[in-house]
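Fold and geometry: a report
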Amino acid sequence: MPTHPEPATEPPRRRADAERSIARILDAALDALASDPDASMAEIARRARVVRATIYVHFPTRDALIDAVRQRAMHEISAAIAAAEPERGDAVGALRRVLASTWRELGRYHALVAITTQLPQAELRSKHHSVLARLEPLIARGQADGSFRSDVPASWHLSMLMALIHAASAELQAARVDDGHAEDALVSTVLGALCGLPGGPSA
């Protein structure tokens, strides 16, 4: 009987080389965007020490490259949230840990935040879906036990939280606040909003 050839697979060494190349390109893109949000593919290639054609092999457009950097950021922030154990302890303490962990992980991505916030609102929320999905059970738990306001839906709290993180990032980028004060202000503002009484100051 005739035999069918096995489907070709990429050799492990070549695959590992490609993964290292992609990681180097993503790092270079992040570095370039921090210096100039409009950094060109040529500048990113220069920083990655590759020719532009190598970037285009993996990322056909600049938007595709930026989206890949954004996806990596979301993955790392989701991991930071998980490491902060949002299911452990009371909801207020858990959210405090999660916010601090998220803010510190966001440290190298502030330039990307500025680019991302320019997206249409529906797309912006879609890009953050993986992170918001990790936070929603914590918000719902706090609402159920009375720690967080329940007169608005969890989705409202999540939108507010995302907006405040973006605002804190913008203030830091504009040098209107330093990193330590930004973290403290973010945590206290978010907790004040979630724990506050409707129409009045926090309880």
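For the structure, check the block above.
Treat the numbers as computed from the prediction; the structure is a model and nothing was measured.

As for the layout of surface pockets
Quantified by volume, the largest pocket comes out at close to 190 Å³. Within the residue set of the lining of the largest pocket, elements represented by two or more residues are α4 (62–83), α6 (110–116) and α7 (121–127). With five residues, the top contributor of residues to the lining of the largest pocket is α4. The class makeup of the residues in the lining of the largest pocket is five nonpolar, one polar and seven charged.

Some thoughts on the packing of helix α9 (residues 154–173) against helix α10 (residues 179–195)
Interaxial distance between α9 and α10 falls to 10 Å at its minimum, and their mutual angle equals 160°. Here α9 lies roughly antiparallel to α10, going by the angle between them. Here α9 runs over α10; the crossing is right-handed. Judged by residue contacts, His-157, Met-160, Leu-161, Leu-164, Ile-165, Ala-168 and Leu-172 of α9 engage Asp-179, Leu-186, Thr-189, Val-190, Ala-193 and Leu-194 from α10. Here the contact of α9 with α10 is composed, by residue class, of 10 nonpolar, two polar and one charged.

Re the nonpolar core
Residues Ile-55, Leu-65 and Leu-95 are the most contacted members of the largest nonpolar core, which totals 56 residues. Secondary structure elements with two or more residues in this core: α1 (12–35), α2 (41–48), α4, α5 (91–105), α6, α8 (129–144), α9 and α10. Residue contacts for Ile-55: discarding those within four places in its chain leaves Ile-25, Met-41, Ile-44, Ala-45, Val-50 and Leu-65.

Comments concerning unusual backbone geometry
Leaving glycine out, the prevailing phi sign among residues is negative, and the prevailing peptide bond configuration is trans. Despite not being glycine, Glu-85 has its phi angle at roughly 55°, a positive value. The topology assignment puts Glu-85 in the loop between α4 and α5. Glu-85 sits in the partly exposed class, given a relative accessible area of 33%. If you check the backbone angles, Ala-175 has positive phi at about 60° while not being a glycine.

The rules behind these values
- Residues numbered from 1 in each chain as written.
- Predicted model: local features only at pLDDT ≥ 70, side-chain atom pairs only at ≥ 80, totals over all residues.
- Heavy atoms only, no water.
- 1 Å grid on protein atoms, 1.4 Å probe; cavity = no way out; pocket = protein on both sides within 12 Å on 5 of 7 lines; lining within 4 Å.
- Points joined across faces, edges and corners; volume = space filled by probe spheres on them.
- Helix = DSSP H or I, 4+ residues; strand = E, 2+ residues; numbered from the N terminus.
- Nonpolar A, V, L, I, M, F, W, Y, C, P; charged D, E, K, R; others polar.
- Axes fitted to C-alpha atoms, helices over the stretch in contact; angles between N-to-C directions.
- Parallel < 35°, antiparallel > 145°, perpendicular 65-115°, else oblique.
- Left-handed = near helix turned anticlockwise from the far one by under 90°.
- Contact = heavy atoms within 4.5 Å.
- Core = buried A, V, L, I, M, F, W, Y, C linked by side-chain atoms within 4.5 Å.
- Buried < 20%, exposed > 50% of the residue type's maximum accessible area, 1.4 Å probe, protein only.

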